[in-house]
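The chain contents come next:
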Amino acid sequence: MARYDCLIIGSGVAGLSAALQAASWGKVAVLCKAEAACTNTNLAQGGLAAVLSPEDSPARHAADTLAAGSWHNNQAVVKLLAQEAPHCIQALLRLGVPFDTDEQGRLALGLEGGHSHSRIVHARDQTGFHIQQKLLEAVKQSPNIELLEYHMAVELLLERREEKSRCVGAKVLDLVNNRLKTMGSGAVILASGGAGQLYQHTTNPAVATGDGIALAYHAGAELADLEFIQFHPTTLYDPGKAAFLISEAVRGFGAELVLPGGTPFMHQYHRRGSLAPRDVVAQAMHHEMQHLQLPCLFLDLRHLPQAQFAEKFPTIAQKLQERGIDVRSDLVPVVPAAHYMCGGVKTDLWGQSTLAGLYACGECACTGLHGANRLASSSLPEGWVMGRRAAEHAAMWRQPLVNNLFPASAEVALALQEGEVAATALAVKQQLQKLMWQWVGIVRSGEGLIHCQQQVEDLYRQAENFSTCLPEVLELKNLLTLAKLVIQACIDRKESLGGHYLKSAPFARPACTTVLSQLI
Ligand code: SIN
């Protein structure tokens, strides 16, 4: 059986920064169920929010985070992140991340939704890609880190002593050799990302199936705030094609959300207009689309300096051009899509879950930073800060495990499975995604949630009969577990708050409340 001091599940910004920190005190393995760069971090166009100008302050950053999160946040972690985010930028600069600078050579600071000050650091519109590359380069150079691609954790191993459980490793499916392995470890850090694949329309990659959250749940760790799913307001509307994000930074650059005739509408909903917090924008768009019976709304970029737009957002500009959209004369059709899970494995300020030896950081964790709705560009700094803190704390578990905790023959060869089960699993997943989009989307209702709960229970029972270790089936089971938990969390929360909007329960929040409760 392979043994490590620290086993990290996931290879985005949280997992890799945790690995670099843990490598300073022990032998580390990083598991990725696909290629190491196949992460949400890699896709992140938008940047990192940090207080870097003398006119700004950590107190203002913290106040914006709390307002965006509907004051459901943990204030201690909000304060911590506002203080730590500038250190994250410095560390990433030292690794060589090419953040944009202004004419004076200072970091260029952009504006995004919910921020009262320009404080977003970007590397054009490929910020996450550059961070992923630089962190991976550093990880590959570390003699203490083993990067295991195509390895999927399927169960957390627990040691039980006197009624107390401790996480001591994981059962892992080696997808290359089709073998089930046991990996012992002093501590386990979950950094496995979110679960955008719960939804029919999502900005997330196919790997975002909530695996770490489901593993933690089955091992008995506490979860929190699962009802707060964030929908990103602006993905390109292109039916039948994978969602493509139009970064919020484009609205920060001056683009406006408009109705088909080109009329802006967001100021009816919030004083910050198109740059209101994401929950407000997505809910307002949902309302307008329902009211006007439209499949999408539009972003107006026609008034922007076009050369600068193309220079700042080369990936987005190219994608729009490929799809035949001329931003000088055309409005860009956009729709909201599932983007981020604000809840997850409940942790303290050191990333400790309620299960000894188990940590969580990044999107799979619920530190309480985001409250009921995440502030734009806060996930990359959170991943970096909390990944490092979790790994620093996890050093306390480094002592070796007892010898005969697990059977010696812990590697089991698996029989290869036929494609039929995978095809059925895909069909069930698609049904689940449609149900979640329809009933557990931007606007919810009590009856809709109960209806969806029954349908998801049926799908769950169907999937229980799939007795294979195919990754598609394991992912489906994780998604179904999480869907049940998300729906229950939605049913339990009787008021509208942040990303959880119930038709029947008006918001207590002043801005969007009046209009939405009158019109929906
Ligand atoms: C974006 O670029 O709009 C996404 C950034 C984020 O999710 O914070």
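Quick notes on the rules
Residues numbered from 1 in each chain as written. Predicted model: local features only at pLDDT ≥ 70, side-chain atom pairs only at ≥ 80, totals over all residues. Heavy atoms only, no water. Near = heavy atom within 4 Å. Polar contact = N/O pair within 3.5 Å; in protein donor to acceptor, adjacent residues only side chain to side chain. Areas by Shrake-Rupley, 256 points an atom, 1.4 Å probe, with all protein chains shown as cover. Pairing = 2+ DSSP bridges. Helix = DSSP H or I, 4+ residues; strand = E, 2+ residues; numbered from the N terminus. Contact = heavy atoms within 4.5 Å. Axes fitted to C-alpha atoms, helices over the stretch in contact; angles between N-to-C directions. Parallel < 35°, antiparallel > 145°, perpendicular 65-115°, else oblique. Nonpolar A, V, L, I, M, F, W, Y, C, P; charged D, E, K, R; others polar. Buried < 20%, exposed > 50% of the residue type's maximum accessible area, 1.4 Å probe, protein only. Right-handed = clockwise from strand over helix to strand, strands pointing away.

Q: Would you explain the site of the ligand in this entry?
A: Surrounding the ligand, one finds G46, H232, L245, S247, E248, R278, H339, R374, A376 and S377. Taking S247, its side chain carries an N or O atom lying 2.7 Å from an oxygen atom of the ligand. In the environment of the ligand, an oxygen atom lies 2.7 Å from a nitrogen or oxygen atom belonging to the backbone of S377. When the free accessible area of the ligand is taken as 260 Å², the share hidden by the protein chains comes to 94%.

Q: Any chance you could explain the sheet that holds strand β17 (residues 365–366) here in plain terms?
A: Paired through their backbone hydrogen bonds, the strands of a sheet run either parallel or antiparallel. In space, the 3 strands of this open sheet follow the order β10-β15-β17, with mixed pairing throughout. Two strands bound the open sheet, and with one partner strand each, they are β10 (223–224) and β17. Pairing between strand β15 (residues 344–346) and β17: 2 bridges, direction parallel. In the strand pairing of β17, V345 is matched with A365. Across the sheet, helix α6 (residues 211–219) touches β10 and β15, and the angle it forms with β15 is around 45°.

Q: Before we go on, may I ask you to explain the sheet that holds strand β3 (residues 48–49) in this structure?
A: Overall, antiparallel pairing links the 3 strands, which are arranged β3-β5-β4 in an open sheet. Either end of the sheet is taken by a strand with one partner, and the two such strands are β3 and β4 (109–110). Examined bridge by bridge, β3 and strand β5 (residues 120–121) share 2 bridges and lie antiparallel to one another. Within β5, the position partnered with L48 by the bridge is V121.

Q: Any chance you could explain the packing of helix α4 (residues 75–95) against helix α11 (residues 379–394) here in plain terms?
A: The geometry of α4 relative to α11 is characterised by a closest axis approach of 9 Å and an angle of 90° between their N-to-C directions. Classified by the angle their axes make, α4 and α11 are roughly perpendicular. Residue-level inspection shows L80, L81, E84, A85, H87, C88, A91 and L92 of α4 in contact with α11, the latter providing P381, E382, W384, V385, M386 and R389. A breakdown of the residues in the contact of α4 with α11 according to their chemical character gives 10 nonpolar, 1 polar and 3 charged.

Q: What is the right way to read unusual backbone geometry from this model?
A: Apart from glycine, the bulk of residues carry a negative phi angle, and the bulk of peptide bonds sit in the trans form. Despite not being glycine, W71 has its phi angle at roughly 55°, a positive value. Looking at the element boundaries, W71 is found in the loop between α3 (58–68) and α4. Relative accessible area serves as the criterion here: at 59%, W71 is assigned to the exposed category. Not every positive phi belongs to a glycine, and D225 is a case in point at roughly 60°. Checked against the element boundaries, D225 lands in the loop between β10 and β11 (229–236). Using a relative accessible area of 17% as the deciding quantity, one classes D225 as buried.

Q: What is the right way to read the pairing of strand β2 (residues 28–31) from this model?
A: As a general feature of sheets, a regular strand has side chains that alternate between the two faces. In β2, alternate side chains face the same way, and those of V28 and V30 on one face and A29 and L31 on the other are all buried. With 4 bridges joining them, strand β1 (residues 2–9) and β2 adopt parallel strand pairing. Of the residues in β2, the one forming a bridge with I9 is L31. After leaving β1, the chain enters helix α1 (residues 13–22) and then returns to the sheet as β2, a path that is right-handed. Sheet analysis places β2 next to strand β6 (residues 145–148), joined by 4 bridges and oriented parallel.

Q: Could you clarify how one ought to interpret the environment of G46 in this entry?
A: By the secondary structure assignment, G46 is in the loop between α2 (40–43) and β3. A relative accessible area of 16% means that G46 is categorised as buried. Put simply, G46 and M183 are 137 residues apart on the chain and 35 Å apart in space, counted from C-alpha to C-alpha. Those residues within four positions of G46 in sequence are excluded, and the remaining contacts are E112, H122, T127, S247, S377 and L380.

Q: Would you explain α1 in this entry?
A: Helical periodicity: at 3.6 residues per turn, an α-helix aligns residues three or four positions apart in one direction. With respect to burial, α1 is a largely interior element, 9 of its 10 residues being buried. Of the residues making up α1, those classed as buried are V13, A14, G15, L16, S17, A18, A19, Q21 and A22.

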